[in-house]
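Coordinate analysis (summary)
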Amino acid sequence: MKKGVSTVLKVLAGGIVGAVATGTAIGRMVEKDGKDSLFNKVLSYYFIYDQWLSLHQRGKTLVEYFEEKGYKTVAIYGLKELGERLYDELKDSGITVKYIIDKNADDLYADVGVVTPDDNLEPVDVIVVTACYYFDQINKMLNERVEYPVVSLEDILYKI
C-alpha cells in the first residue's frame, strides 16, 4: 500500500513540476508578445484550423474556392504551419503556387521560390495571406505594391 501512495505522490510532484515549467515558458512568450495579443493570435489560429478540419470532414477542399473564382495562379504569403498546409493542399491540384512570400525568405526552403515582400512580386491571380492575425497590415502593404487580389486564408475557409 505504501508503494502505491509513493507512486501517486511522485506522479503528482512530476505533474506540478511540469505545470510550473510550462507556465514559465508561456509566461516568457506572453511577456514578449503581450498577454492579449498572444492569446488572441493562438485563438484565431485554433478557429482557422477547426474550420479547415470541418471542411475536410465534409469532403470539401480549398481548391473549390480557387476554381470558382477562376484563380489558376497563387502566391502564398507566410510559410509557417498554415502556409505549408495550404501549399500541400494546392500543389497536386490544377492551381499553381508560383511562389511564396515571407519576410524570412532567406532562411526558408520550399519547392517553389520564396521571396520577401520587398522583392519583385511576379503577377499572379491572387495572393493568399496565411498570417491571418496580421492580415490588415499585410493587406495594406501588399495593396501598395500589387494590383491583383489579396485575400485572407481565414476568409476563404469561411466562404467555402
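Residues numbered from 1 in each chain as written. Predicted model: local features only at pLDDT ≥ 70, side-chain atom pairs only at ≥ 80, totals over all residues. Heavy atoms only, no water.

**Side note on the overall build of the protein**
Scanning the protein from terminus to terminus reveals 6 helices and 5 strands. Counting across all 160 residues of the protein, residues that qualify as buried make up 36%. Sequence separation of 24 or more characterises 61% of the internal contacts of the protein that already satisfy a separation of 6 or more. Element-wise, carbon and sulfur atoms account for 54% of the exposed surface of the protein, whose accessible area totals about 10,200 Å². (Helix = DSSP H or I, 4+ residues; strand = E, 2+ residues; numbered from the N terminus. Buried < 20%, exposed > 50% of the residue type's maximum accessible area, 1.4 Å probe, protein only. Contact = heavy atoms within 4.5 Å. Areas by Shrake-Rupley, 256 points an atom, 1.4 Å probe, with all protein chains shown as cover.)

**Comments concerning the layout of surface pockets**
Of the voids in this model, the largest pocket is the one considered here, and its volume is about 660 Å³. Residue lining of the largest pocket: 21 residues in total, with Lys41, Tyr45, Lys80, Ala131 and Tyr134 positioned closest to the centre. Listing elements by their share of the lining of the largest pocket, those giving two or more residues are helix 2 (35-57) and helix 4 (81-90). A total of 5 residues in the lining of the largest pocket trace back to one element, the largest contributor, which is helix 2. Here the residues of the lining of the largest pocket are counted per class, giving 11 nonpolar, 4 polar and 6 charged. (1 Å grid on protein atoms, 1.4 Å probe; cavity = no way out; pocket = protein on both sides within 12 Å on 5 of 7 lines; lining within 4 Å. Points joined across faces, edges and corners; volume = space filled by probe spheres on them. Nonpolar A, V, L, I, M, F, W, Y, C, P; charged D, E, K, R; others polar.)

**Section: the sheet that holds strand 3 (residues 113-115)**
If you trace the 5 strands from one edge of the open sheet to the other, you get 3-2-1-4-5, paired in parallel fashion. In this open sheet, the two edge strands, each paired with only one partner strand, are strand 3 and strand 5 (150-152). Within this sheet the neighbouring strands show an average axis-to-axis angle of 30°, counted without direction. Bridging between strand 1 (residues 73-77) and strand 4 (residues 126-129) involves 4 bridges; their strand directions are parallel. (Pairing = 2+ DSSP bridges. Axes fitted to C-alpha atoms, helices over the stretch in contact; angles between N-to-C directions.)

**Here's the deal with the pattern of salt bridges**
If you walk through the whole model with that rule in mind, you get 4 salt bridges. Residue Arg85 is joined to Glu84 by a salt bridge in which the shortest nitrogen-to-oxygen separation is 3.9 Å. The exposure class assigned to Arg85 is partly exposed, which follows from its relative accessible area of 37%. We note a salt bridge from Lys98 to Glu122, for which the minimum N-O separation is 2.8 Å. Of the two residues, Lys98 is situated in strand 2 (residues 96-101) and Glu122 in the loop between strand 3 and strand 4; the sequence distance between them amounts to 24 residues. When its relative accessible area of 33% is taken as the criterion, Lys98 is described as partly exposed. The partly exposed category is assigned to Glu122, whose relative accessible area is 38%. Salt bridges here are not isolated pairs; linked through shared partners, they connect Glu84, Arg85, Asp88 and Lys91. (Salt bridge = Lys/Arg side-chain N within 4 Å of Asp/Glu carboxyl O.)

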